[in-house]
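Examining the three-dimensional arrangement
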Amino acid sequence: MGPHHPSMHGVLRLVVVPQGENVIDCKPILGYLHRGMEKIAENRTIVQYLPYVTRWDYLATMFTEAVTVNAPEKLANIQIPERASYIRIIMLELSRVASHLLWLGPFLADIGAQTPFFYIFREREMIYDLFEAATGMRMMHNYFRIGGVAADLPYGWVDKCLDFCQYCLPKIYEYERLITRNPIFLKRVKGVGFISRQEAINWGLSGPCLRASGVQWDLRKIDHYECYDKIDWQIKWQTEGDSLARYLVRIDEMKESINIIQQALKLLPGGPYENLEGRRIAQEKGRMNWNSFNYQFVGKKSSPTIKLPRQEHYVRVEAPKGELGVFLIGDDSVFPWRFKIRPPGFANLQILPQLLKGMKLADIMTILGSIDIIMGEVDR
Amino acid sequence: MTYNRLESFSIVLLVPKWIHRVQSKKQESTFYVTPDHPYEILLFFRCHINTRFDVSIDICGVNCPSQEQRLRVLYQLPTTQYNSCIRIKIGVNEITIVSSVISISPSAGRWEREVWDTSGVHFSNYLGLCRILTDYGFEGHPLRKDFPLSGYVEVRYNDLEKCVVYELIEMAQEFCYFDLASPWQA
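Below: a short report on this structure. (Residues numbered from 1 in each chain as written. Chains lettered and ligands numbered in written order. Predicted model: local features only at pLDDT ≥ 70, side-chain atom pairs only at ≥ 80, totals over all residues. Heavy atoms only, no water.)

**Overview of the overall build of chain A**
Scanning chain A from terminus to terminus reveals 16 helices and seven strands. Its C-alpha atoms give chain A a radius of gyration of 22 Å, near enough to 21 Å, the size a compact globule of 380 residues would have. If you line up chain A on its principal axes, its C-alpha atoms span 80 × 45 × 35 Å. Each of the 380 residues in chain A was classed as buried or not, and the buried ones make up 63%. Accessible surface for chain A amounts to roughly 14,300 Å². Of this, 54% is attributable to carbon and sulfur atoms. A gap of 2 Å separates the mean positions of the 47 positive and 42 negative side-chain charges of chain A. (Helix = DSSP H or I, 4+ residues; strand = E, 2+ residues; numbered from the N terminus. Rg over C-alpha atoms; globule rule 2.2 N^0.38 Å. Buried < 20%, exposed > 50% of the residue type's maximum accessible area, 1.4 Å probe, protein only. Areas by Shrake-Rupley, 256 points an atom, 1.4 Å probe, with all protein chains shown as cover. Lys, Arg positive; Asp, Glu negative; His and termini not counted. Charge placed at Lys NZ, Arg CZ, Asp CG, Glu CD.)

Have a look at this one:
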């Protein structure tokens, strides 16, 4: 099954050995979208590199930016203001809803249902409009910065976002009513691609694939990052471990994300949206007096070339596909020494050959769709 | 946080032969291990009751040409039971062969192939260790520091021969290196 697919999986080549209608073996061949992101990262400062990172996972773009910006923040110990943290949470959860919506469409299109593919773009266009108002770009926003976000939310954005949440939640229930108890859908998806709990842990799965197999592992609760602890929300999980369970986990996560957005919008505090001191303190050693010559530059937005200290750190984020991680080794210069991207799709795709043994040819697309892979991040 | 520190030092007492040194920073411990025994030490870390590091989340290859052990392989292991994360580092050079850990955690398969592809560290006991991210028939290991950012070969479609041809790279514009010194930096 060649690199080009009619659905939005990306360029993945599957060499399948069938026998009649059954699949004996399958070998995925990657690398068609390899762009050398890690090598480029070694030659760019973090701010120069930010436009590249949205191209890893181009459907959930805020997560890639969040992890790229969290890495130097942890290395250089830069705190972010609370307003920035809440804005980040809102953007991340909107991105999660957008990503799950665009998973739902092609998944059902592969199974045979064409209409949800058009319906999901309705909500996704609204999310695009919200992003465009706040960041200036519909998809490849260059929004997160080290120390906060690039610009504050425009006037009226909060009300628009609340309106969107009120509109979107009944629509998700509508998808559920249309799809979840549909007998054709259940016949295609129930019991297909079963992953047991221990297998899921062994193969290093993460995200909805892991939570559908009975492991309550959500990095937002475990790592306590950003301000997720101040918001009241639950981890959504299932125990069956088949494709239906993964579908249910993602639908529930969408509802929970809307819940988080509504709470975060109500809790949004005032204050600065970016830690400008972070740039200055990282460059300048020691405190400066109020009457020294350089103090005039404190309020001024200095150029964000932050020197990364000679340390290494692994930061991770709960992306909609799984655990997106960045391992950053700094070298006391503006360029990182090694920027390793740990994409969730790369690890989640490993289990595909094992899941396909003994399945029918038609189940390939169901299982591939339910694992939710984006080749942009798998290949980098 | 305190649990992490105590556990890391007691582990060193259990297996002193294999661990060079331990570094513990910001709630993350790094163990420097001799290059002959990654398999044993990962098996130990997986099975021991205090340190159930059962997932191999990431394997990363780092190239440091200025040091004697020019390549390093880093294993990132979290634990699902105790909510902590350790890192195991092995220093090798280009011709050392490291034993593969794929039989302990099958998720390591793709990561080891990627380390072989990008940095050139060869893993033994691994059937099917081949290139994963780069092109068919690619030569060289891209993430080494001596491999240039633009590569050596470029690919284009040749209309006369009606196929894709590989040619040596031709740069129409010289490499842009941004001079980042700015008068506004104090």
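The discussion continues.
**Describing the packing of helix α4 (residues 82-111) of chain A against helix α15 (residues 362-371) of chain A**
Residues and elements named next belong to chain A. Packing of α4 against α15 brings their axes to within 9 Å, and their N-to-C directions diverge by 175 degrees. On the basis of their axis angle, the class for α4 and α15 is roughly antiparallel. Seen from α4, the contacting residues are W103, F107, D110 and I111; seen from α15, they are M365, T366, G369 and S370. Of the residues belonging to the contact of α4 with α15, the class tally is four nonpolar, three polar and one charged. (Axes fitted to C-alpha atoms, helices over the stretch in contact; angles between N-to-C directions. Parallel < 35°, antiparallel > 145°, perpendicular 65-115°, else oblique. Contact = heavy atoms within 4.5 Å. Nonpolar A, V, L, I, M, F, W, Y, C, P; charged D, E, K, R; others polar.)

**Focus: the packing of helix α2 (residues 46-53) of chain A against helix α3 (residues 61-76) of chain A**
Residues and elements named next belong to chain A. Where α2 contacts α3, the two axes come as close as 9 Å, and the packing angle between them is 160 degrees. For the element pair α2 / α3, the angle class is roughly antiparallel. Viewed along their axes, α2 and α3 form a crossing whose handedness is right-handed. Facing α2, whose interface residues are I46, Y49, L50 and V53, α3 presents T64, E65, T68, V69 and P72. Of the residues contributing to the contact of α2 with α3, the split by class is six nonpolar, two polar and one charged. (Left-handed = near helix turned anticlockwise from the far one by under 90°.)

**Some words on a nonpolar patch on the surface**
Residues and elements named next belong to chain B. A surface patch of nonpolar side chains, about 630 Å² in accessible area, is lined by Y152, V153, V155, V164, Y166 and L168. Looking at the nonpolar patch, the elements that each hand over two or more residues are β8 (153-158) and β9 (163-168). Note on placement: Y166 falls in strand β9. (Patch = residues over 30% accessible without salt bridge, like charges linked within 9 Å, V, L, I, M, F, W, Y side chains within 5 Å. Salt bridge = Lys/Arg side-chain N within 4 Å of Asp/Glu carboxyl O.)

**Quick notes on helix α6 (residues 157-179) of chain A**
All names here are of chain A. A rise of 1.5 Å per residue sets the reference length of α6, with its 23 residues, at 33 Å; its end C-alpha atoms lie 32 Å apart and thus fit the reference within 8%. Among the residues of α6, W157, C161, F164, C165, C168, K171, I172, Y175, E176 and I179 are the ones counted as buried. Packed against the buried residues of α6 are α4, α5 (115-135), α7 (183-189) and α11 (243-266). (Expected span 1.5 Å × (residues − 1).)

**Some remarks on the side chain of B:D117**
Within the element layout of this structure, B:D117 appears in helix α3 (residues 108-119). Those residues in contact with B:D117 that lie beyond four places of it in its chain are B:R131, B:I132, B:L133, B:T134, B:G140, B:H141 and B:P142.

**Some points on the nonpolar core**
Among the nonpolar cores identified, the biggest contains 82 residues, and A:W56, A:M91, A:L94, A:W157 and A:Y247 are the most heavily contacted of them. Tallying contributions element by element places α4(A) first for this core, with 16 residues. When near neighbours in sequence (up to four residues on either side) are disregarded, A:Y247 contacts A:W103, A:L104, A:F107, A:Y175, A:E176, A:I179, A:T180 and A:F185. One finds A:L14, A:C26, A:Y314 and B:F45 within the second-largest nonpolar core, a separate group that totals 70 residues. (Core = buried A, V, L, I, M, F, W, Y, C linked by side-chain atoms within 4.5 Å.)

**Notes on the packing of aromatic side chains**
Residue and element names in this part refer to chain A. This model, assessed by the stated rule, comprises twelve aromatic pairs over all chains. Centre to centre, the rings of Y49 and F339 are 5.2 Å apart; their planes meet at 75 degrees, and the pair counts as edge-to-face. Of this pair, Y49 sits in helix α2 while F339 sits in strand β7 (residues 338-342), and the two are 290 residues apart along the sequence. Take Y49: its relative accessible area is 1%, and that puts it in the buried class. Among the aromatic residues, those joined into a ring-pair cluster are Y49, Y52, W56 and F339. Positioned above the aromatic ring of Y119, the side-chain terminus of R122 is 5.1 Å from the ring centre. One Lys or Arg, K221, reaches over the ring of W233 and ends 4.5 Å from the middle of that ring. (Phe/Tyr/Trp six-rings, centres within 6.5 Å; stacked < 30°, edge-to-face > 60°. Lys NZ or Arg CZ within 6 Å of the ring centre and 35° of its normal.)

**Looking at the interface of chain B and chain A**
Across the boundary between the two partners, chain B contributes 50 residues, which contact 52 residues of chain A. Taken over both partners, the interface formed by chain B and chain A buries close to 4,500 Å², and the fraction arising from carbon and sulfur atoms is 57%. The tally of links between chain B and chain A comes to four salt bridges. Across the pair A:R380 and B:E114 runs a salt bridge whose closest N-O atoms are separated by 2.9 Å. Of all elements in the fold, only β2 (28-33), β3 (58-63), β4 (71-78), β5 (85-92) and α3 of chain B reach the threshold of two or more residues within the side of chain B that touches chain A. Examining the composition of the side of chain B that touches chain A, we find that six residues originate from one element, β3(B), more than from any other. Among the residues forming the side of chain B that touches chain A, the class breakdown is 25 nonpolar, 13 polar and twelve charged. (Buried area = accessible area lost by both parts, 1.4 Å probe.)

**Notes on the environment of B:L71**
All names here are of chain B. Residue position: L71 is located in strand β4. It is 9.6 Å that separates the C-alpha atoms of L71 and T96, two residues lying 25 residues apart in sequence. Apart from residues no more than four positions distant in its own chain, L71 is found in contact with V62, N63, I90, G91, V92, N93, E94, S119, V121 and R144.

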